[in-house]
Amino acid sequence: MKKKWILVLLCAVTVLQLSALAGFIMYYNNLDSKIETQGTEYRFRVLLESIEPNGTIHFSTGNGYDDLFTYDYYYSGDSNSTKAVRLKVDADGFASFGSRLDSVPKDGDYLLLNRPNAFPNTTEYASGNTALYNPTNFNLLSYYSKTSRIDSDVSFEQPEAYVTVRIYQGHAAITGMYIAGEDVRTLDALPEPVRIEGAGENA
């Protein structure tokens, strides 16, 4: 009799575990659908870092060291206690990170943090466009920070790049990437570095 009850208990535990797993999967499948259909889309400036042969582009949030520092600030030190971060949209229409939150807000624009697949934890975009890859520009930080061979005072920078991110109740999904205003999925090649105006006497 004792063995019978142990077997029944084990079966019950197994059923509960499978039910919990099924519920977890259904929740996230449903969440993906809600992000896509009910989420609000934002634009975040990004700094391009590298590209893979399959067209996957790795990037950092922000388009300058100030924004990158902000990103590091949220994901280092005692920030593990932070549950979410407010979003703010600048006059130019781009979103950035605002105040840290120790609890999940009930409304407003925010991102949940410390989730495995949460933006900006996920900093890559699988464009599927293999035409973008060239071994000479694998390291995009180097490719876009060239100096002129003719005039060393002339320098170049990355063209404006940003990702579109759809957010629903703090959950996010990257929906696209644009470089110099063009969808990276439709580009024949990566845009050339942009000449910085006034970088030198002959710029």
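Up top you'll find the structure we're talking about.
Structure report, in brief. Counting restarts for each chain, with residues numbered from 1 along the sequence as it is written. Local features are withheld for residues below a pLDDT of 70 in this predicted model, meaning they are given only at 70 or higher, and side-chain atom pairs are given and counted only at 80 or more; totals for whole chains, interfaces and linings count all residues. No hydrogens and no water enter the side-chain calculation; it runs on all heavy atoms of the structure.

**Side note on the overall build of the protein chain**
Scanning the protein chain from terminus to terminus reveals three helices and eleven strands. Buried positions account for 35% of the 203 residues belonging to the protein chain. Using the Shrake-Rupley algorithm and a 1.4 Å probe, accessible areas are obtained, with residue cover drawn only from the displayed protein chains. Of the roughly 12500 Å² of accessible surface on the protein chain, a fraction of 53% belongs to carbon and sulfur atoms. The numbering of helices and of strands both runs from the N terminus, where a helix is a DSSP run of H or I of at least 4 residues and a strand a run of E of at least 2. Burial classification: accessible surface area is computed with a 1.4 Å probe over protein chains only, and a residue below 20% of its type maximum counts as buried, one above 50% as exposed, and the rest as partly exposed.

**Considering the pattern of salt bridges**
Think of a salt bridge as a Lys or Arg side-chain nitrogen and an Asp or Glu carboxyl oxygen that are within 4 Å of each other. Scanning the model with the defined rule gives four salt bridges in all. With its nearest N and O atoms 2.5 Å apart, the salt bridge here joins Asp92 to Arg45. In this pair, Asp92 is assigned in the loop between strand S3 (84-89) and strand S4 (95-101) and Arg45 in strand S1 (residues 40-51), connecting sequence segments 47 residues apart. The exposure class of Asp92 is partly exposed, given its relative accessible area of 37%. By relative accessible area, Arg45 is classed as partly exposed at 23%.

**Quick word on the packing of aromatic side chains**
The aromatic pairing rule takes the rings of Phe, Tyr and Trp, using the six-membered ring of Trp, and pairs them if the centres are within 6.5 Å, calling planes under 30 degrees apart stacked, those over 60 edge-to-face and the rest tilted. The full count for this structure, using the stated rule, is five aromatic pairs. Both rings, one in Phe44 and one in Phe119, keep their centres 4.9 Å apart while their planes meet at 55°; by these two values the pair is tilted. Residue Phe44 is located in strand S1, and its partner Phe119 is located in the loop between strand S5 (110-112) and strand S6 (124-126); the two are separated by 75 residues in the primary sequence. A relative accessible area of 2% means that Phe44 is categorised as buried. We count a charge as sitting over a ring when the NZ of a lysine or the CZ of an arginine lies within 6 Å of the ring centre and within 35 degrees of the ring normal. Against the face of Phe94 rests Arg43, its NZ or CZ located 4.1 Å from the ring centre.

Functional significance is not addressed by these values, which are geometric in nature.
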